[in-house]
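Overview (structure and organization)
Residue strings, one per chain:
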Amino acid sequence: MTAPAHHDVMPYQIADETFLITWGLDAPPVGHFPMHSLLIRSKEPVLVDTGAPACRERWLATVAALVDPADVRWVFLSHDDRDHAGNLLPVLAACPNATLLTNWFSLGRMAEEWETPLSRCRFVNDGDQVDVGDRVLVAVRPPLFDNPTTRGLFDASTGVYWSVDTFATNTPHRMLEADDLSDGEFRDGQLLGARLIAPWHRYLDQSKWDTCVDAVRRLGATTMAGCHSPVLRGQRIDEAFNLMRQLPALDPWREFDQSDLDRWLADAGALSEPSIPAH
Ligand SMILES: [Fe+2]
Ligand SMILES: [Fe+2]
C-alpha cells in the first residue's frame, strides 16, 4: 500500500468491511501523529468517531464514497474530544437514519458548544453491547485515555478493537501499519504517546494497572486500530501491552518548555509559528 500524501483524508481497509478514515497532523519536533476514525460496514453500518473539524469536508466526502450516508445506522462516539467529536452535528445531519451511541457525560461536555439532539441518542457505557444486524459490538474502556467519557469498541467478528487514544504514537512520517516502524521507533512512540495522553501514569498501582491492562488484552483483539496510531497486529500488539505495563514505573515525559519555544522561533526566524502536537 502506498503511503498517502501528508494531510489527505483517505480510506484504508484494515479488516473485512472495516475501514480506517485516515488523516494526520505534523507534530514538530517529534514527527507526525495519526488522526484516524473508523467505518464498520456491518449490515447496519457504524461510524466510529467523526473526525476533526480541520478536515471536515474531506472526511465527509471520504465516508460518503464508502457508504451511502443514508444507510449509516449508528454513530459510535468514543468521547467528546475535538478530534473525535468535532464533526458530530454535520455527521448526524448527513446521516439522518443514524442513532448516536454516546453517554450522559459526553452530552453535557459537548453542551458547551452545541446541543446534541437527545431523541437521536442511545446511551452506551463501558461493557454495553450494540446489535448492528450481523454482529454484536461491545463497548470496552481502553486502559489509557485523556477524557473520562472514553469507551473503545470491540468487534469480535473481525477481531478489530477501536482503542481510541490508547496506543497513540508519533511516527517519523505518515504511516498506516505499525510494522513499518522500527522496533526502537515503536517502543519510543508507545512510551511517548502513553505519557502524553495519560500523565497520571505515575500515580498507578502496578498490580491494579496490570489487572486493568490484562482485562483489555484478554479480549483477544487481532487488529488494534486507534485514532492516533498506525494499525497494530501480531507481535506489535503483544509489545504494546508489555510496554504499557511499564508505565507506573516510568518518569514523566519532559514537557517542552519556554526555552524550547524560544529556540524553535529563533530557528524559524519567527517567520512562522510551529504547530503543537494534537491529542
Ligand atoms: Fe482524547
Ligand atoms: Fe484523540
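A few points on the structure. Only a predicted model underlies this, so the values are computations on that prediction, with no experimental measurement involved. (Residues numbered from 1 in each chain as written. Chains lettered and ligands numbered in written order. Predicted model: local features only at pLDDT ≥ 70, side-chain atom pairs only at ≥ 80, totals over all residues. Heavy atoms only, no water.)

What to know about the environment of Asp16
Stated formally: The way it works is that DSSP assigns letters per residue, a run of H or I at least four long becomes a helix, a run of E at least two long becomes a strand, and they are numbered from the N terminus. Burial classification: accessible surface area is computed with a 1.4 Å probe over protein chains only, and a residue below 20% of its type maximum counts as buried, one above 50% as exposed, and the rest as partly exposed.
Of note, Asp16 is situated in the loop between strand 1 (10-15) and strand 2 (18-22). Accessibility expressed as a relative area gives 56% for Asp16, which makes it exposed. Note: C-alpha distance between Asp16 and Ile40 (24 residues apart in sequence) is 8.8 Å.

Considering the pattern of salt bridges
It is possible for side chains bearing opposite charge to pair when their charged atoms get close. Here is the rule we go by: The salt bridge definition used is simple: a Lys or Arg side-chain nitrogen within 4 Å of an Asp or Glu carboxyl oxygen.
Throughout the structure, instances matching the rule amount to 16 salt bridges. Across the pair Asp179 and Arg236 runs a salt bridge whose closest N-O atoms are separated by 3.9 Å. Here Arg236 lies in helix 7 (residues 235-245) and Asp179 lies in the loop between strand 13 (160-162) and helix 5 (183-197), a separation of 57 residues in the sequence. Residue Asp179 is classed as exposed on the basis of its relative accessible area, which comes to 52%. Arg187 serves as the salt-bridge partner of Asp188, at 3.2 Å between the closest nitrogen and oxygen. For Asp188, a relative accessible area of 46% gives the class partly exposed. Within the structure, one salt-bridge network assembled from shared partners comprises Asp179, Asp183, Arg236 and Glu239.

With respect to the pairing of strand 14 (residues 223-226)
We apply this condition: For two strands to be treated as a pair, DSSP must find no fewer than two bridges joining them.
Neither face of strand 14 is open: one carries Thr223 and Ala225, the other Met224 and Gly226, and all of them are buried. Where strand 13 and strand 14 come together, three bridges link them in parallel fashion. Paired with Tyr161 across the two strands is Met224, which belongs to strand 14. Taken together, the three bridges between strand 14 and strand 15 (residues 229-233) define a ladder with antiparallel strand orientation. Within strand 15, the residue paired with Gly226 across the bridge is Ser229.

Here we look at the pairing of strand 5 (residues 37-40)
Across the two faces of strand 5 the burial is the same, with Ser37 and Leu39 and Leu38 and Ile40 all buried. Of the pairings in the sheet, the one linking strand 2 to strand 5 comprises four bridges and is antiparallel in character. From the neighbouring strand, Phe19 faces strand 5, where its bridge partner is Leu39. Of the strand pairs in this sheet, strand 5 and strand 6 (residues 46-48) are connected by three bridges, and their pairing is antiparallel. Along strand 6, the bridge assignment pairs Leu38 with Val48. Hairpin geometry of strand 5 and strand 6 is characterised by an intervening segment of five residues between the two adjacent antiparallel strands.

Comments concerning the sheet that holds strand 11 (residues 136-140)
The test is simple: Axes here mean lines fitted to C-alpha atoms, for a helix over just the part in contact, with angles spanning 0 to 180 degrees between N-to-C directions.
With mixed pairing, the six strands of this open sheet are ordered in space as 10-11-12-13-14-15. Either end of the sheet is taken by a strand with one partner, and the two such strands are strand 10 (129-131) and strand 15. Geometrically, the sheet is characterised by an average inter-axis angle of 20° between neighbouring strands, direction not taken into account.

A closer look at the coordination of the iron ion (ligand 2)
Using the following cut-off: Sites may look incomplete because water is not among the atoms; the donors themselves are N, O and S atoms within 2.8 Å of the metal, or within 3.2 Å for Na, K and Ca. Any site counts as irregular unless it has four donors with all angles between 85 and 135 degrees, making it tetrahedral, or four or six donors with opposite ones more than 155 degrees apart and the rest between 65 and 115, making it square planar or octahedral.
Here the iron ion (ligand 2) is held by Asp83 (OD), His84 (NE2), Asp165 (OD) and His228 (NE2), and the distances to it run 2.1 to 2.2 Å. Every donor counted, the four donor atoms about the iron ion (ligand 2) form angles of 82 to 167° at the centre, which fits irregular coordination. Here the iron ion (ligand 2) and the iron ion (ligand 1) are spaced 3.5 Å apart, linked through Asp165, which binds each one. Of this pair, His84 sits in helix 2 (residues 82-85) while Asp165 sits in the loop between strand 13 and helix 5, and the two are 81 residues apart along the sequence. Its relative accessible area of 1% is what places Asp165 among the buried residues.

A closer look at the coordination of the iron ion (ligand 1)
Within the first shell, the iron ion (ligand 1) binds the protein through His79 (NE2), Asp81 (OD), Asp146 (OD) and Asp165 (OD), at distances of 2.1 to 2.2 Å. Classification of the site at the iron ion (ligand 1) rests on its four donor atoms, whose angles at the metal span 79 to 165°, yielding the label irregular. Overall, the relative accessible area of 0% leaves His79 in the buried class.

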